[in-house]
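# Observations on chain architecture
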Number of protein chains: 2
Amino acid sequence: MPDKKYVYSFNEGDGKNKMLLGGKGANLCEMTQIGLNVPPGFTITTEACLEYINADNKLPDGVMEQVKAHMTELEKKTGKVFGDAHNPLLVSVRSGSAMSMPGMMDTILNLGMNKDTLQGEIEQTGDERFAYDAYRRFIQLFGKIALGIGDEHFDVPFEAIKKREGVKEDVGLSTENLKEISQEFLDVVHAQTGRAFPEDPYEQLDLAIKAVLGSWSGKRAVDYRREFNITPEQANGTAVNICTMVFGNRGDDCATGVAFTRNPGTGENVFYGEYLVNAQGEDVVAGIRTPKPIAQMEKEMPDLYRQLEELRAKLEKHYSEIQDFEFTIEKGTLYCLQTRNGKMNTQAMVRTSVELVAEGLISKEQALLRIAPESLEQMLFPRLEPTAKVQSLATGLPASPGAACGHVVFDADRAVAQKAANGKPLILLREETKPEDIHGFFVSEAILTSRGGKTSHAAVVARGMGKPCVAGADGIEVDVMARRAHIGDVVIKEGDIITLDGTTGNVYLGAVPTVEAEFSDELKTLLSWADERARLKVMANADVPEDAERALKYGAMGIGLCRTERMFNAAERLPIVLEMIVSETLEQRQDALDRLLPIQRQDFIELFTTMSPNPVTVRLLDPPIHEFLPSENQLLDDLIQLRHLRDTMRGSEVLSSTLSLLSGRNTSQTRIQQLADSALVEEAIEKKETILKKVRALFEVNPMLGHRGVRLGITFPEIYAMQIRAVLEAACACQKAGTEVHPEIMIPQVCTSEELIHIKKIVETIKHEVEASEGVSPVFKFGTMMEVVRACMRASQLAEEAEFFSFGTNDLTQATFSFSREDAENKFLPMYNEVGILRDNPFEVLDSNGVGKLMKLAVGWGREKKPDLKVGICGEHGGHPASIMFCHSIGLTYVSCSGPRVPIARLAAAHASLLEAK
Amino acid sequence: MPDKKYVYSFNEGDGKNKMLLGGKGANLCEMTQIGLNVPPGFTITTEACLEYINADNKLPDGVMEQVKAHMTELEKKTGKVFGDAHNPLLVSVRSGSAMSMPGMMDTILNLGMNKDTLQGEIEQTGDERFAYDAYRRFIQLFGKIALGIGDEHFDVPFEAIKKREGVKEDVGLSTENLKEISQEFLDVVHAQTGRAFPEDPYEQLDLAIKAVLGSWSGKRAVDYRREFNITPEQANGTAVNICTMVFGNRGDDCATGVAFTRNPGTGENVFYGEYLVNAQGEDVVAGIRTPKPIAQMEKEMPDLYRQLEELRAKLEKHYSEIQDFEFTIEKGTLYCLQTRNGKMNTQAMVRTSVELVAEGLISKEQALLRIAPESLEQMLFPRLEPTAKVQSLATGLPASPGAACGHVVFDADRAVAQKAANGKPLILLREETKPEDIHGFFVSEAILTSRGGKTSHAAVVARGMGKPCVAGADGIEVDVMARRAHIGDVVIKEGDIITLDGTTGNVYLGAVPTVEAEFSDELKTLLSWADERARLKVMANADVPEDAERALKYGAMGIGLCRTERMFNAAERLPIVLEMIVSETLEQRQDALDRLLPIQRQDFIELFTTMSPNPVTVRLLDPPIHEFLPSENQLLDDLIQLRHLRDTMRGSEVLSSTLSLLSGRNTSQTRIQQLADSALVEEAIEKKETILKKVRALFEVNPMLGHRGVRLGITFPEIYAMQIRAVLEAACACQKAGTEVHPEIMIPQVCTSEELIHIKKIVETIKHEVEASEGVSPVFKFGTMMEVVRACMRASQLAEEAEFFSFGTNDLTQATFSFSREDAENKFLPMYNEVGILRDNPFEVLDSNGVGKLMKLAVGWGREKKPDLKVGICGEHGGHPASIMFCHSIGLTYVSCSGPRVPIARLAAAHASLLEAK
């Protein structure tokens, strides 16, 4: 079929047909056809490639004829002649498939050079050294790619000459050296191939085309496609692009440069780039000459600068996107060699998105879609100054994002004391943290622990507070008693400054500069567009009024998860909670609860008022109560020390280091004096023993699956009763103050509708009591967490009792995989990810195939019973873009996530709607 | 509507219409109509009852007219006259609804008695005392039920007379006393109702009928129906049964008795019962006279005995079931008062089932269905002698069924030593057990622990071995060092005899007689019929060859679960396993595994050979490896003791009690001598420290959801590789010996098909190696446990890789409920059952609504991909009848359970098929 078209000029190829012309070829066609001055050229199709390979490396009939015809056209367009000794046409030969396969296939530059055209080059540039340098490069590249000669054959003579001349860098070689090298290279080719280097440019072209086509079935390319799962539907064969070489180094009317259509660092709408007169692209890269800012060109080459400005406008108009492009000016003619979407930081992306809309270049939808939701994180947390060059000292899990630096302190009491004393920024460094350390969190910039995972106490609390945290940095050995930590040979003492990056998990010695978070006006504008388009509502997880304030700033539309147990953590409350836990009788417990009630009620009043008129979902006590107690080992250590103290106290020496154990918190000097009395030691021992007994009684083999959530609420109904009363009384108080509030009571760990019915009865009773005493009827909803697999299986029955569902995907993921998160992340998940058994960490990316499938079933069963059922998600996945996409796809009503992730979630929710519409 | 029929004679009522006539009424009609000589009577319908209640306690028109007509008929049939002073007709009036509501409604006997008929009674019986006794009883009963007079009004004068006469028992009252009491009672009625006791029999009857009808809406009955969820569809209104009184105490031609148509203790086809001449039913119950065995009647009353034999045959023929019936002979006439299906022990049920089939009285299907599968347990485990009257000392969880008695021993080493010394039966009593105690299990009759639940090590291992176990008897305080245990005030020392009942969880001091298990020929016959009808196959869980032998005896059709880790538990193997676990390098671990390989291979050869040609499903290592190590607390205690020993050793006193800690096992005198040397102590300390370090490194927050099963197999592939090689080499060895074997390799804790693919590659590699070295290709299947929720969700994908599924419903239930079994059973499950949140313990009864629903989905998805997929269950539910029913309903291929439950499962599987067909 001699008529089959294998070759397309850049003027005629379809710029959208990447499958036929490859990505690069199609792009060159598009650029040419929108009127950019691209150096003329043409593309051999991927069909030719496949036929070549199928025919055992034989070019289809007609290809070379068509190539020759196009070469003749190039000669006409450029006025140069292929192989001419005075004004030679040189071309580049490049591969290019439909999918980018960087470095996987081959490029030959300056094809057409031989002994004759070399002279033409010298004539044209007046630069003999440049010409020989280009010549020897061409011989090696052609020798390697088209003739299959290994680089090492060229390296040996090349290095020998450099050594002889005492030259370290290539640029130190003289013209004579390069002449000699060129001759040596020609000899290498002769020796390796048994024949002279091909002088005929068309023979060169023929060999180069075949080499590029053949590279598609080469090992490198085949491996690459396998590795990255590139299927024939995505890319099938490579095209060959043959393009006129243009040169920016043929005189002072020549130049070369790179530019962005706007400032990629800030997004500002100014022309941004660099250029060099009489130079080639390599010179910019090599850094031998310092390029000039593009603005200077306006004076130096005003006409060409005007053309460049036109090019800039044309590019943005056509591509509706900031462009990063390369240009060359050859003898006063501006060529655009390449253009692509400009890579920018998030701040710039956001600013340009908003401005491009204002300029009418893109729609709001396009503005939203061009920003990856996850990338907003850069703007929402402080981060290390990107240019800071530092070596990390230790690495842990990136448990709560953001960067901070401060003075190390090893316990919460001293943190409070030091903050009060000098106000300097602090980093709390502990083996692990407990609720009793919570006052230390409040005064510290960030938390660092040597044990525990991303769901450890430290991690979860820090995330809730929006403070950076690195957890489980197991290279650090903490010696609290000595107020010292060891990282390898490095010793960190109290007061030493460290910096940590909770986004990467890195820990640095000393102060590394940080960059503050920026919540710009442009971001607000963009997110307001997102909210208009999103179907999912975005709520925040917030436990205390301060969290709620912050969540509002991030644009939260309510609170999807208020973990009431966090309210217990404040320093003045924990002792009451402890009292409640160690109570032997209902009366003792009720007494402690009675004291907690007004505190919780006040919290709720503040929370509801802050969020009015948005909903606030209050989850009743969830964790096993032993989580509020110190560990058994800690207590045993304390007791050993205390008993030892008792034994030695009658003597004169008292080990002061053991004293801090006495009260756990009050270790000021006066307190130490008071305690240096054996009666107090006895009392402390007794107290520790009581707690130890309780800790042992509460021991659970698998606390994650233990006595917690609604199970506690049913076995100790007085605890839930107190919390329910606090919610309803707070609601009444707000209503009476004229504040519209929408509290929602949410029950955790539910596995059967009977549990809901049981608690609902308590709610009803208390509601009637509160109505009677307050004189108004509290407005509220009653719903359930969906975090137990069985709850999902019984969604239809639960929907009869619950006004809303909220998926707790942290626990649901653990139960669905039978993975304990802490254990999995420490023991086998990394390997599972590494060997590809699991692509993602399911605790970070919602597992749509397993957990998600279960959720989808549950939503369906629930809505079968109650079609307008409100369904949300409040696990950490609620702030993860791909997971949000999935939540949208199964019809959830809202997602809830930590405050700082709310903007990310809002954008992701908009993406979900927009992509669904597509 | 005067024509409406409210009253049916026993001759005409429909014996099947319990809704209309009540259960008792219908039964009396049926008995009458099949020709039994029932005392004549009639029934007032439940319709009358409902109309009576709806009309505000007014009898429908016509009821009393119809009653009078039937009374006249009774007079004709009996030759007695209602209210007659010489030969009075007396009747009983009883309630009776469609559902049995024991004690909830009322009965009046001897209605028709008054001052006149009392004289007739005396005339008829010649027993004045009897007549007055009946009279005073009637006055009180009628007074109470028909007139609403509280018992206390009668009790006061009654007790006063007894006191005056110095009489303790009613039988001590004289005729005169009874006369006096009758008069006092008549006065009580007068005083309480304001009018004299009704002398008119028809007035008595009218009042009695109304009282019985009204009792349906009385508080007692309403409460009962609410408590037991009896709906109007099940029972609506009570009928009233009016029946002629007959008397066995009117002369020597009178008698009364109870009988079974066969021996209910053995099932033997002999007439079985007791009778008394000239007596009434109460006399038999009161125990004043000793009844005679029924056989004696053949001599005493040959004609009546013949009639009784006829009755016996007629009853069995009609009811196709062993009958338990009451009879009375009044003046030479035999009356059958009541008959019902005889309650028998299981042995008798089984024997009669088989014999009734042989006699053609029932079909094999009926024979199977009349035996509750669970009841077979009685025959399969030794049990306490049912007649033994003993008080339990402590109670724990019934962790492994069966009863045993023996001498208490507190550690495994001493158990072995004592068994070797005197061979006496032993009971191993420990706080909890560990794999290192396993040698103690082998030599003990039963295991008792003071801690742990039904899935504790002790429970699971004991069940596997078929030995009785009571676990978590937390009333027992064990002091191992002192070889003593305390139960309240009772001290149990080593060597003391105790008895425990693993079926109930009771522990007894001393030896309680036990009855051995009986696997009778009849049971074998019955189970062979079951196998013919069952669709489900029944496999056994068996870990070692001895288990397999036993399972075969129980009729297992293969091994559905062989837990390979159990093979590691034997005394000589555990040290190698320990070595493997504490290995620091792959080489060390491989070295230990190389020594385990031949041991496991030999186990498999024996197992496969024993079970040939049935399948043996081998589950690769499942539990987290720290389960093979001692606990941290244990090690810490040991170290404290050892260090103390080291410190004091230089002195002359060595505390011998601490020495037993040195090696953990070898504490013979010579060994103690050897060890009494500080270098050995140092070595022991070092060893313990190494293990402690490993224990800490392996610590998991939630071991149930931790690093176990296939996760271990992937992170330490050499362990699974050893096990796979052992299976495949064993298969080859058997095949070469001409033995047909069907091993199946099963992977635990799978959550994604990638895990299966990963292990499958290892299997394939080893298969090729084994083929090469053995010269034959091993026959085997490859499959997966379904015990992780995600596996169920991904069943379709798993089915692509697996040849079979096996549901591990123990773990699946934990994951579905998010209940840790040990924690749940200790902390909140009992309360959940108590308040009705969960009806059953889901670890005992498969939760069909939640776990079962998930299984059903998984089976569907799996078979969608692979229609002939073999699917089984190997959790403990596999031996539970209701759960087996469910497994049948969702189309499983087999169930697997512990050996002794195999017969139960076989019968349950047959029931499932038969009930489905119905």
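Just above sits the structure.
Numbering of residues begins from 1 in every chain and follows the order in which that chain's sequence is written. The naming scheme follows written order: chains are lettered A onward, ligands numbered 1 onward. Local features are withheld for residues below a pLDDT of 70 in this predicted model, meaning they are given only at 70 or higher, and side-chain atom pairs are given and counted only at 80 or more; totals for whole chains, interfaces and linings count all residues. Excluding hydrogens and water, the side-chain values take into account all heavy atoms of the structure.

## Comments concerning the state of the cysteines
All names here are of chain A. How we decide: Throughout, disulfides are identified as pairs of cysteine sulfur atoms within 2.5 Å of each other. Three labels apply to residues, based on accessible area from a 1.4 Å probe with only protein chains included: buried if under 20% of the type maximum, exposed if over 50%, partly exposed otherwise in between.
Here the structure, examined in full by the defined rule, presents 0 disulfides over all chains. Left without a disulfide partner, C254 is nearest to the cysteine sulfur of C243, which lies 17 Å away. Owing to a relative accessible area of 0%, C254 belongs among the buried residues under this scheme. Of all cysteine sulfurs, the one in C887 lies closest to C897, which takes part in no disulfide; the gap is 11 Å.

## Details of the pattern of salt bridges
All names here are of chain A. As a reminder, the rule being used: By definition, a salt bridge exists where a carboxyl oxygen of Asp or Glu is found within 4 Å of a side-chain nitrogen of Lys or Arg. Strands here are runs of E lasting at least two residues and helices are runs of H or I lasting at least four, both read from the DSSP assignment and numbered beginning at the N terminus.
Tallied over the full model, the rule gives 132 salt bridges over all chains. For R643, the salt bridge goes to E689, with nearest N and O atoms at 2.8 Å. Here E689 lies in helix α27 (residues 678–697) and R643 lies in helix α24 (residues 632–649), a separation of 46 residues in the sequence. Looking at E689, the relative accessible area reads 35%, which means it is partly exposed. One salt-bridge network, held together by shared partners, links R262, E316, R351, E355 and E359.

## Looking at the sheet that holds strand β12 (residues 333–341) of chain B
Each strand in a sheet pairs with another by means of backbone hydrogen bonds, the pair being arranged parallel or else antiparallel. Residues and elements named next belong to chain B. Rules: Should DSSP find at least two bridges between two strands, the strands are regarded as paired.
Reading across the sheet, the 5 strands line up as β10-β9-β8-β11-β12 and stay open at both edges, with antiparallel pairing between neighbours. In the strand order of this sheet, the two ends are held by β10 (292–293) and β12, each with one partner. The pairing of strand β8 (residues 255–260) with strand β11 (residues 323–330) spans 6 bridges and is antiparallel. Across the sheet, residue A259 finds its bridge partner in β11, namely F325.

## Some words on the sheet that holds strand β6 (residues 107–111) of chain A
All names here are of chain A. Test applied: Note on definitions: angles span 0 to 180 degrees between N-to-C directions of axes, and those axes are lines fitted to C-alpha atoms, for helices only across the stretch in contact.
The 5 strands are arranged β1-β2-β7-β5-β6 in an open sheet whose pairing can be described as antiparallel. Taken across any chain shown, the strands that pair with only one partner, and hence form the sheet edges, are β1 (7–9) and β6. Recorded for the sheet is a direction-independent mean angle of 20° between the axes of neighbouring strands. As defined by bridge partners, β1 adjoins strand β2 (residues 41–44) across 3 bridges and the pair is classed as antiparallel. Bridged to Y8 within β2 is T43.

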